[in-house]
Amino acid sequence: MSILGIKEIIEISKPRIVVLLVITAVTSMYAASKLIGPELDTWGLIHIIIAGGLASAGSSALNHYYDRDIDPLMERTSTRPIPSGRIKPNSVLIYGLTVSVISVVYGALALNYISAFFIALGIFFYVIIYTAWLKRLNSSNIVIGGFAGSAASMAGWSAATGSMDILGFLIGFLVFVWTPSPFWCLAMKMKDEYSAAKVPMLPVLIGME
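Procedures and definitions
Residues numbered from 1 in each chain as written. Predicted model: local features only at pLDDT ≥ 70, side-chain atom pairs only at ≥ 80, totals over all residues. Heavy atoms only, no water. Salt bridge = Lys/Arg side-chain N within 4 Å of Asp/Glu carboxyl O. Helix = DSSP H or I, 4+ residues; strand = E, 2+ residues; numbered from the N terminus. Buried < 20%, exposed > 50% of the residue type's maximum accessible area, 1.4 Å probe, protein only. Phe/Tyr/Trp six-rings, centres within 6.5 Å; stacked < 30°, edge-to-face > 60°. Axes fitted to C-alpha atoms, helices over the stretch in contact; angles between N-to-C directions. Parallel < 35°, antiparallel > 145°, perpendicular 65-115°, else oblique. Left-handed = near helix turned anticlockwise from the far one by under 90°. Contact = heavy atoms within 4.5 Å. Nonpolar A, V, L, I, M, F, W, Y, C, P; charged D, E, K, R; others polar.

Engineer: Could you clarify how one ought to interpret the pattern of salt bridges in this entry?
Structural biologist: Opposite charge on two side chains permits them to pair, given that their charged atoms come into close proximity. Using the criterion set out here, one finds 6 salt bridges in the structure. One salt bridge connects Arg136 with Asp69, and the closest N-O pair in it is separated by 2.8 Å. One end of the pair, Arg136, is in the loop between helix 5 (113-134) and helix 6 (141-145); the other, Asp69, is in the loop between helix 3 (42-66) and helix 4 (89-110), with 67 residues separating them in the sequence. Among the residues examined, Arg136 registers a relative accessible area of 29% and is labelled partly exposed. For Arg80, the salt bridge identified is with Asp71, shortest N-O distance 3.2 Å. We note that Arg80, like Asp71, is buried. A network of salt bridges, in which partner residues are shared, links Asp67, Asp69, Lys135 and Arg136.

Listed below in structure tokens is the structure:
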């Protein structure tokens, strides 16, 4: 099957991550409106949800595309659309690139250029820095790659304020510091699978301690 169906689109978009990142952006936007102003605009809220959701979905699809060689090696990911043969990799690549570009353009037109910049930066960190570079190379993969979540927070902040200040940066840094812990917990649970796929997650290299 080469054409993406609704079920496959949902799967490669990783809806749980979409929800998490959208909540991060919306919460940051709300905080900015209360601490800095102006008051939260309903349309602005809708725009950050759409732009953030598209950015997360597009970058997640690109993650599926890039990891198509190691996904069959792990039980948790072996049934994903590409390794299970339900869709062709090129369809996922086209979807991921298209949706990612749309998210940035939408953010620039509906929000502002600064917010669009952080949306693009989040995509870049998740797809290039984490997925394509660090994930298979270094145990700091999720630490540095976690900046993608910080970028979502900063996109929300700048969507509300039209700028980036030290407080917005600190909220993004808080997300950056928080991110590794839950992913390391997942890596501990999936230690053997990551080991089989030769992904150097921290529990694989140093054990549960």
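Engineer: Please explain the packing of aromatic side chains as it appears in this structure.
Structural biologist: Two numbers describe a pair of aromatic rings. These are the distance of the centres and the angle of the planes. Inspection of every chain in the model, using the stated rule, returns 6 aromatic pairs. Aromatic pair Phe124 and Phe125: ring centres 6.1 Å apart, planes at 80°, arrangement edge-to-face. Residue Phe125 is classed as buried on the basis of its relative accessible area, which comes to 17%. Feature note: the residues Phe124, Phe125 and Phe147 constitute an aromatic cluster, connected by ring pairs.

Engineer: Looking at this structure, how should I read the packing of helix 4 against helix 5?
Structural biologist: Helix-helix packing: each pair is described by the crossing angle between the helix axes and the interaxial distance. One can describe the packing of helix 4 onto helix 5 by two numbers: an axis separation of 7 Å at closest approach and a directional angle of 160°. With respect to their mutual orientation, helix 4 and helix 5 come out roughly antiparallel. Taken as a pair, helix 4 and helix 5 cross one another with a handedness that is right-handed. Contacts between helix 4 and helix 5 pair Ser100, Ser103, Val104, Gly107 and Ala108 from the former with Tyr113, Ala116, Ile119, Ala120 and Ile123 from the latter. Along the lines of polarity and charge, the residues of the contact of helix 4 with helix 5 split into 7 nonpolar, 3 polar and no charged.

Engineer: Please explain the side chain of Asn141 as it appears in this structure.
Structural biologist: Here Asn141 is to be found in helix 6. The exposure class assigned to Asn141 is buried, which follows from its relative accessible area of 0%. In this structure Asn141 touches Tyr130, Leu134, Lys135, Gly146, Val199, Pro200 and Met201, once residues within four positions along its chain are discounted.

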